2 protein chains.
Amino acid sequence: MAHQEKATSGVEWRITLGDGSSKSLVPDAGPVSRIWIGLKGLIAGLVLKVWKFLKRAGDIGVDDPRKVIHCLKVGMALTVVSLFYYMRPLYKGVGGNAMWAIMTVVVVFENTVGATICKSLNRVFGTTLAGFLAFGVHWVASQSGQEFEPLITGASVFLLASTATFSRFIPSVKARFDYGAMIFILTFSLVTVSGYRVDKLFDMAHQRISTIIIGTSLCILVTMFICPIWAGGELHILISNNMDKLANSLVGCVDEHFNYNGELKDSDKQPDKKLLGYKCVLSSKATEESIAKFARWEPAHGRFNFKHPWQQYLKIGASMRSCAYCVEALNRCIDSENQAPEFTKKHLSNICLKVSSNSSSVIKEVAKTIKTMKRSPSIDSLVEEMRSAVQDLQNELNFLPKVLSPPEVLHPESKETEETTSSTTHLLEVIPVVTFASLMIEISSRIQAIVETVEELAELAEFKGEVQEKAKQNQPNTNRIVASQLNDDQQTMKALERV
Amino acid sequence: MAHQEKATSGVEWRITLGDGSSKSLVPDAGPVSRIWIGLKGLIAGLVLKVWKFLKRAGDIGVDDPRKVIHCLKVGMALTVVSLFYYMRPLYKGVGGNAMWAIMTVVVVFENTVGATICKSLNRVFGTTLAGFLAFGVHWVASQSGQEFEPLITGASVFLLASTATFSRFIPSVKARFDYGAMIFILTFSLVTVSGYRVDKLFDMAHQRISTIIIGTSLCILVTMFICPIWAGGELHILISNNMDKLANSLVGCVDEHFNYNGELKDSDKQPDKKLLGYKCVLSSKATEESIAKFARWEPAHGRFNFKHPWQQYLKIGASMRSCAYCVEALNRCIDSENQAPEFTKKHLSNICLKVSSNSSSVIKEVAKTIKTMKRSPSIDSLVEEMRSAVQDLQNELNFLPKVLSPPEVLHPESKETEETTSSTTHLLEVIPVVTFASLMIEISSRIQAIVETVEELAELAEFKGEVQEKAKQNQPNTNRIVASQLNDDQQTMKALERV
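All of these numbers come straight from a predicted model, not from anything done at the bench. (Residues numbered from 1 in each chain as written. Chains lettered and ligands numbered in written order. Predicted model: local features only at pLDDT ≥ 70, side-chain atom pairs only at ≥ 80, totals over all residues. Heavy atoms only, no water.)

Draft legend 1. Here's a closer look at the relation of the copies chain B and chain A. Overlaying chain B on chain A yields an RMSD of 0.2 Å, the required transformation being a rotation through 180 degrees with an accompanying axial translation of 0.0 Å. The operation mapping one copy onto its partner corresponds to a two-fold rotation axis. Closest approach to the rotation axis within chain B is made by the C-alpha atom of Thr435(B), at a distance of 2.5 Å. Looking at the interface residues of chain B, 99% of them are also at the interface in chain A, so both copies use one shared face. (Least-squares fit on C-alpha atoms with pLDDT ≥ 70 in both. Contact = heavy atoms within 4.5 Å.)

Draft legend 2. Looking closely at the state of the cysteines. Residues and elements named next belong to chain A. Applying the stated criterion across every chain, the model contains zero disulfides over all chains. With no disulfide of its own, Cys219 lies closest to Cys118 among cysteine sulfurs, the gap being 13 Å. A residue is classified by how much of its surface remains accessible, and Cys219, at 0% relative accessible area, is buried. (Disulfide = S-S within 2.5 Å. Buried < 20%, exposed > 50% of the residue type's maximum accessible area, 1.4 Å probe, protein only.)

Draft legend 3. Expanded view of unusual backbone geometry. Its identity as a non-glycine residue notwithstanding, Met373(A) has a phi of 55 degrees, on the positive side. As for its placement among the helices and strands, Met373(A) is situated in the loop between α15 (342-372) and β1 (374-375). The residue Cys227(B) is not glycine, and still its phi comes out positive at about 40 degrees. Relative to the helices and strands, Cys227(B) is located in the loop between α10 (201-225) and α11 (231-258). (Helix = DSSP H or I, 4+ residues; strand = E, 2+ residues; numbered from the N terminus.)

Draft legend 4. Representation of the nonpolar core in the model. In terms of nonpolar packing, the biggest core is built from 137 residues, with Met243(A), Leu246(A), Met243(B) and Leu246(B) touching the most fellow members. If we skip the residues at most four places from it in the chain, Met243(A) touches Ile316(A), Met320(A), Ile363(A), Val366(A), Ala367(A), Ile370(A), Ile450(A) and Val454(A). Within the second largest apolar cluster, 82 residues are counted, among which are Tyr86(B), Ala134(B), Ala161(B) and Ile183(B). (Core = buried A, V, L, I, M, F, W, Y, C linked by side-chain atoms within 4.5 Å.)

Draft legend 5. Here's a closer look at the UniProt feature "transmembrane region" (unreviewed entry) in chain A. Residues and elements named next belong to chain A. Those residues carrying the UniProt feature "transmembrane region" (unreviewed entry) are residues 66-86, 98-117, 124-142, 148-167, 179-197 and 209-231 in this numbering. In this annotation, residues 66-86 is assigned 95% helix and 0% strand; the end-to-end C-alpha distance for the span is 30 Å. Counting secondary structure, residues 209-231 comes out at 78% helix and 0% strand; the distance between its end C-alpha atoms is 27 Å. (UniProt positions renumbered as here; feature names shortened; annotations may be inferred.)

Draft legend 6. Quick peek at the interface of chain B and chain A. Counting residues at the interface gives 80 residues for chain B and 80 residues for chain A. The contact between chain B and chain A buries some 7,500 Å² in all, and 74% of this surface belongs to carbon and sulfur atoms. Inspection of the region where chain B meets chain A yields two salt bridges. Counting across the interface, chain B meets chain A through four residue pairs in polar contact (both at pLDDT 80 or more). Here the residues of the side of chain B that touches chain A are counted per class, giving 47 nonpolar, 20 polar and 13 charged. (Buried area = accessible area lost by both parts, 1.4 Å probe. Salt bridge = Lys/Arg side-chain N within 4 Å of Asp/Glu carboxyl O. Polar contact = N/O pair within 3.5 Å; in protein donor to acceptor, adjacent residues only side chain to side chain. Nonpolar A, V, L, I, M, F, W, Y, C, P; charged D, E, K, R; others polar.)

Draft legend 7. Examining the packing of aromatic side chains more closely. Residue and element names in this part refer to chain A. Inspection of every chain in the model, using the stated rule, returns eleven aromatic pairs over all chains. Between Trp310 and Tyr313, the ring centres sit 5.4 Å apart and the planes meet at 35 degrees, which makes this aromatic pair tilted. In this pair, Trp310 and Tyr313 are both assigned in helix α14 (residues 310-335), three residues apart and thus about one turn of the helix distant. Taken individually, Trp310 and Tyr313 each receive the classification buried, so the pair is uniform in this respect. (Phe/Tyr/Trp six-rings, centres within 6.5 Å; stacked < 30°, edge-to-face > 60°.)

Draft legend 8. Spotlight on a nonpolar patch on the surface. Residue and element names in this part refer to chain A. There is a patch of nonpolar side chains on the surface, built from Met76, Val80, Leu83, Met87, Leu221, Phe225 and Ile226 and spanning about 610 Å² of accessible area. Broken down by secondary-structure element, the contributors of at least two residues to the nonpolar patch are α3 (65-81) and α10 (201-225). The class for Val80 is partly exposed, based on a relative accessible area of 36%. (Patch = residues over 30% accessible without salt bridge, like charges linked within 9 Å, V, L, I, M, F, W, Y side chains within 5 Å. Areas by Shrake-Rupley, 256 points an atom, 1.4 Å probe, with all protein chains shown as cover.)

Draft legend 9. Layout of the packing of helix α7 (residues 113-143) of chain A against α10(A). Residue and element names in this part refer to chain A. Where α7 contacts α10, the two axes come as close as 9 Å, and the packing angle between them is 170 degrees. The angle between α7 and α10 places the two elements in the roughly antiparallel class. Every residue of α10 that contacts α7 at Val113, Thr116, Ile117, Ser120, Arg123, Val124, Thr127, Thr128, Phe135 and His138 is listed here: Leu201, Phe202, Ala205, Ile209, Ile212, Ile213, Thr216, Cys219, Ile220, Thr223 and Met224. Grouping the amino acids of the contact of α7 with α10 by side-chain chemistry returns 13 nonpolar, seven polar and one charged. (Axes fitted to C-alpha atoms, helices over the stretch in contact; angles between N-to-C directions. Parallel < 35°, antiparallel > 145°, perpendicular 65-115°, else oblique.)

Draft legend 10. Here's a closer look at the side chain of Thr369(A). Residues and elements named next belong to chain A. Along the chain, the position of Thr369 falls in helix α15. Looking at Thr369, the relative accessible area reads 8%, which means it is buried. Leave out the neighbours within four places in its chain, and Thr369 touches Lys374, Arg375, Ser376, Val454 and Phe463.

Draft legend 11. Local environment of the pattern of salt bridges. Evaluation of the coordinates by the stated rule reveals 22 salt bridges over all chains. The shortest N-O distance in the salt bridge between Lys119(A) and Glu110(A) comes to 3.1 Å. The shortest N-O distance in the salt bridge between Arg66(B) and Asp64(B) comes to 3.5 Å. Owing to a relative accessible area of 31%, Arg66(B) belongs among the partly exposed residues under this scheme. Owing to a relative accessible area of 10%, Asp64(B) belongs among the buried residues under this scheme.

Draft legend 12. Examining the environment of Leu330(B) more closely. Residue and element names in this part refer to chain B. The residue Leu330 is located in helix α14 (residues 310-335) in this model. C-alpha of Leu330 to C-alpha of Ile443: the two residues are 113 residues apart in sequence and 9.4 Å apart in space. Once you skip the residues sitting within four places of it in the chain, Leu330 turns out to touch Leu250, Cys253, Val254, Phe436, Leu439, Met440 and Ile443.

Draft legend 13. Just the packing of helix α7 (residues 113-143) of chain B against helix α9 (residues 171-194) of chain B, in detail. All names here are of chain B. Where α7 contacts α9, the two axes come as close as 7 Å, and the packing angle between them is 35 degrees. In this structure, the crossing between α7 and α9 has a hand that is right-handed. Along its contact with α7, which presents Cys118, Lys119, Asn122, Arg123, Gly126, Thr127, Leu129, Ala130, Gly131, Leu133, Ala134 and Val137, the element α9 presents Arg176, Phe177, Tyr179, Gly180, Ile183, Phe184, Thr187, Phe188, Val191 and Thr192. By residue class, the composition of the contact of α7 with α9 is twelve nonpolar, seven polar and three charged. (Left-handed = near helix turned anticlockwise from the far one by under 90°.)

Draft legend 14. Focus on α11(B). The first and last C-alpha atoms of α11(B) sit 41 Å apart over 28 residues, in line with the 40 Å expected at 1.5 Å per residue. Most of α11(B) is tucked away, with 24 of its 28 residues classed as buried. (Expected span 1.5 Å × (residues − 1).)

Draft legend 15. Representation of the environment of Ser376(A) within the structure. Residues and elements named next belong to chain A. Examined against the element boundaries, Ser376 turns out to sit in the loop between β1 and α16 (379-404). Separated by 183 residues in sequence, Ser376 and Val193 place their C-alpha atoms 62 Å apart. For Ser376, the contacting residues outside a window of four places in its chain are Glu365 and Thr369.

Draft legend 16. Focus on a negative patch on the surface. A contiguous patch of negative charge, built from Asp380(A), Glu452(A), Glu455(A), Glu456(A) and Glu459(A), is present on the exposed surface. Considering every element that reaches the negative patch, the biggest residue donor is helix α17 (residues 427-460) of chain A, with four residues. (Lys, Arg positive; Asp, Glu negative; His and termini not counted. Charge placed at Lys NZ, Arg CZ, Asp CG, Glu CD.)

Draft legend 17. Examining α15(A) more closely. All names here are of chain A. In this model, α15 (31 residues) spans 42 Å end to end at C-alpha, consistent with the 45 Å of a helix rising 1.5 Å per residue. At Ser349, α15 shows its maximal kink, close to 45 degrees. Met373 sits one or two residues past α15 and shows a positive phi near 55 degrees. (Bend = angle between axes of the 7 residues up to and from the residue.)

The structure is reproduced here in structure tokens:
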């Protein structure tokens, strides 16, 4: 009877779970069932978490298939290098040291070609240098008798490890040879210290260096010849895409301020997308620097020579950021509480829109110059147009007090100001518009700085001049490039969010 | 005779070299001497370069002695761990696998405690997990016969290496377990593949894991107990110092714009120092993020608990950067070509200076709150003062058109504007001052955002309230802290320049 009751309560409890809403029964259930509920909730939560995690991982793969390819490349390189274990003749050649080839592949294989080459060369040279030094120390130590040997080797390890660690703090060493210094310490310590126990030290070192060379060569080959991702190309695309984003967010800001102020305020999707543009520029400094560091290790590839001026891209990035600070300030004007009255806005809207569209077409033209690596024939005229628009804006501002003042205060020399001014207004009301306009003027002067840095790049990298006709022929082609860049664009954006 | 002539020419030539200035003799000298001169120049250049390099390295050591201490710590840890080779009983225990202890120390030992712990735990757990998995795969493979064994192990290496590599692209994994994933691939490949050749696989794995644990424990002990550098502490100091810099550069900017405009323009030292302040804030995002990443691995230390809200520091950093953008815009006003005429500047100078000094004292008070980890009793009143100063500034701006307009246009209701206005002026001339003032207003609102994020931190980290009297008693103490922070300040600044 008691047994049956228990069973019933068990059934009831199961019904409760199935229902899920009637929690009043839970306090009545025994501790076992409570634990069971808790456990089930935990498992369900875990499954949901794992599912979300996998979904996010899947998204990453879909967004950037090159990442998946990179993973397959790593798997392939590792499988190939493990042939040294599986095939008897190969294993005989290197023996247990085949391990070093595997280790090298795991440690050295990076996403971009430049990073892989940088690490590979650092590893080979660090190992070789440390190996020779360690031999010297080992020879000196072995000459000085059994008692002194550990002392000498110990002291040398202490000294050289400390010095090499310190060298990693020096900026010029850190930028290029950070990994090499670590490998130097590693190899030196291993060879010097194990020299005390291992007899055939020379054989060991020889095999180790050769396996490392095998591993690094394999990595470099795989990374360069199977769907290569060049750090230089990434930097090139990142910079030109960031420029497009900057142009778009500038136009977006001004449009929003003047045209769609009331209409679009509710739908927050449009502004968000625009906002992201200049924020990308603001936050991509670290990415740019790390890619540029690796780009200079890369050999000539595609349109880039070996000594392509990658440092200049960093300068372009800095000038873009300086412009993005101003766009940030523009954006703040939109959000600010005390908006200018409509009629003062209207007065300046046309000219401001003209300045913004001219500015953004200058930026876009410059971005195109970078993308196509050809000097633009129209950039000078575009800059000139932008300048004249800015001049017009300044003139408009000059007339603003007359427009705003009551008609009787008009100065005698002003004849052009026969505009319909229905009311006087306080300066306080004009401040937002004035601030906005002076920011626009500042932005245009910063855009000229961007143009200058890009012109420096064109000189350093010897961009070809483009004949006017050719430019027209290339139009559809360029559009296709832009479309494919837009795709990369989203990927870069996502990559940046992750950084 | 001919021999004597040669000797003479040799002497002559040496005299030429000693003199150094009479180069007319060089073309007469033979190719050997020319090579010699070239070589000497090369060597001199090299020596100079090395000397400069060493000097710079020395400066780094003098600027931040903790770096030197870190290097000595690495050397010490390596020497201690190499005792496994030197001492026979220890060597018997682990054999050739002692190598793994050395390798662990070299790879895992980092500058800060958090980074070392992060890498250590990643290494230990990555190795253990991969080891168990590899055993499973090895067992399955060995059951399926000689022919299939390489196929199964090869396929498993390919699959797991690809998957683990892919997991390193997932942001949440990358932030915490990037190194662990690499070690996982390494260990799994090594154990699975070498299982094909090595018989005593279990012994090998056991010894390897124990040596890795020995290595990591040694690293953690040394890094925690000998002059520890806590990532959390570094972040704490970085944020509060950046705040002080922001406050100083804000005051510096406004001072320069209004007071010392003409006087200080020539001496560029003062402005440079001020400029550096907010630029540090702008460029320290990457540093903050990487330190915060390591800080959460650290155990409770000093004034920080285990779950100290390090993420909140990143929010504070972001709010500071948003304020620094505006300071950048302020700075641009100073450099801009069309300056406001002196009298309009003079009109606003007092109130602007008041706003800037109030704003900077709010920032400094907040920085003090962070430094001392005690809620400030005066922050509310300081914010209130700042707000009222901003209100005054807005009022002044409101009266500006009346001040600027000729006296006859004065509106009837304005009685307070009996100031001396000697001339009418165009709006264009006021624009710089108006822009400047509206930026000041914006800055003060962004400072309030900083105050809010810091208050959130105070709540999350449960800062203690400070009694008014206690605050006074602590004054000299605080000063001492500030002085010592100033020292760190310079170090952080230098560290940032290097990043």
